[in-house]
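Okay, here's what each chain looks like letter by letter:
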Amino acid sequence: MSQLEDLLSFNQKFVAEHAYRSYEAPSRPTKKMTIVSCMDCRLIELLPKALNVKNGDAIMLKTAGGMVESSCSNTMKAFLFRSMS
């Protein structure tokens, strides 16, 4: 089975079993914070656990190097778009 087939198969089961319900959260972050982080794949589970942040607690922006270079950067545009929606 290819990786894509494996992902799609898992997703079908995930949806059919309503496993997503445990991840439901409000549209606004409950802790009213934004975390800018490196997009390193090792941080997917580690960072939230290290900061005690759960699904729906904060907006997480993952960028190369975890940097916001200016107020007009794409990272800031993404944050502003997300916080206004």
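Residues numbered from 1 in each chain as written. Predicted model: local features only at pLDDT ≥ 70, side-chain atom pairs only at ≥ 80, totals over all residues. Heavy atoms only, no water.

This brings us to the overall build of the chain. Scanning the chain from terminus to terminus reveals three helices and two strands. Helices and strands appear in the chain in the N-to-C order α-β-α-β-α. Across the 85 residues in the chain, those meeting the buried criterion constitute 16%. Sequence-distant contacts in the chain: of pairs separated by 6 or more residues, those separated by 24 or more amount to 65%. Per element, the accessible surface of the chain, about 6,900 Å² overall, is 59% carbon and sulfur. (Helix = DSSP H or I, 4+ residues; strand = E, 2+ residues; numbered from the N terminus. Buried < 20%, exposed > 50% of the residue type's maximum accessible area, 1.4 Å probe, protein only. Contact = heavy atoms within 4.5 Å. Areas by Shrake-Rupley, 256 points an atom, 1.4 Å probe, with all protein chains shown as cover.)

What follows covers the side chain of Ser 37. Along the chain, the position of Ser 37 falls in strand β1 (residues 33–38). Assessed through its relative accessible area of 6%, Ser 37 is described here as buried. What Ser 37 contacts, discounting residues up to four positions off in sequence, is Leu 43, Leu 47, Leu 61, Lys 62, Thr 63 and Gly 66.

Within this structure, the stated rule accounts for two aromatic pairs. Members of the aromatic cluster, each reached through a chain of ring pairs, are Phe 10, Phe 14 and Tyr 23. (Phe/Tyr/Trp six-rings, centres within 6.5 Å; stacked < 30°, edge-to-face > 60°.)

Attention shifts here to the UniProt feature "binding site: Zn(2+)" (unreviewed entry) in the chain. Taking the UniProt record as the reference, the feature "binding site: Zn(2+)" (unreviewed entry) is found at Cys 38 and Asp 40. The topology assignment puts Cys 38 in strand β1. Sequence-distant contacts of Cys 38, that is, excluding residues within four places in its chain, are made with Leu 43, Lys 62, Thr 63, Gly 65 and Gly 66. By secondary structure assignment, the location of Asp 40 is in the loop between β1 and α2 (43–51). With relative accessibility at 22%, the residue Asp 40 sits in the partly exposed group. (UniProt positions renumbered as here; feature names shortened; annotations may be inferred.)

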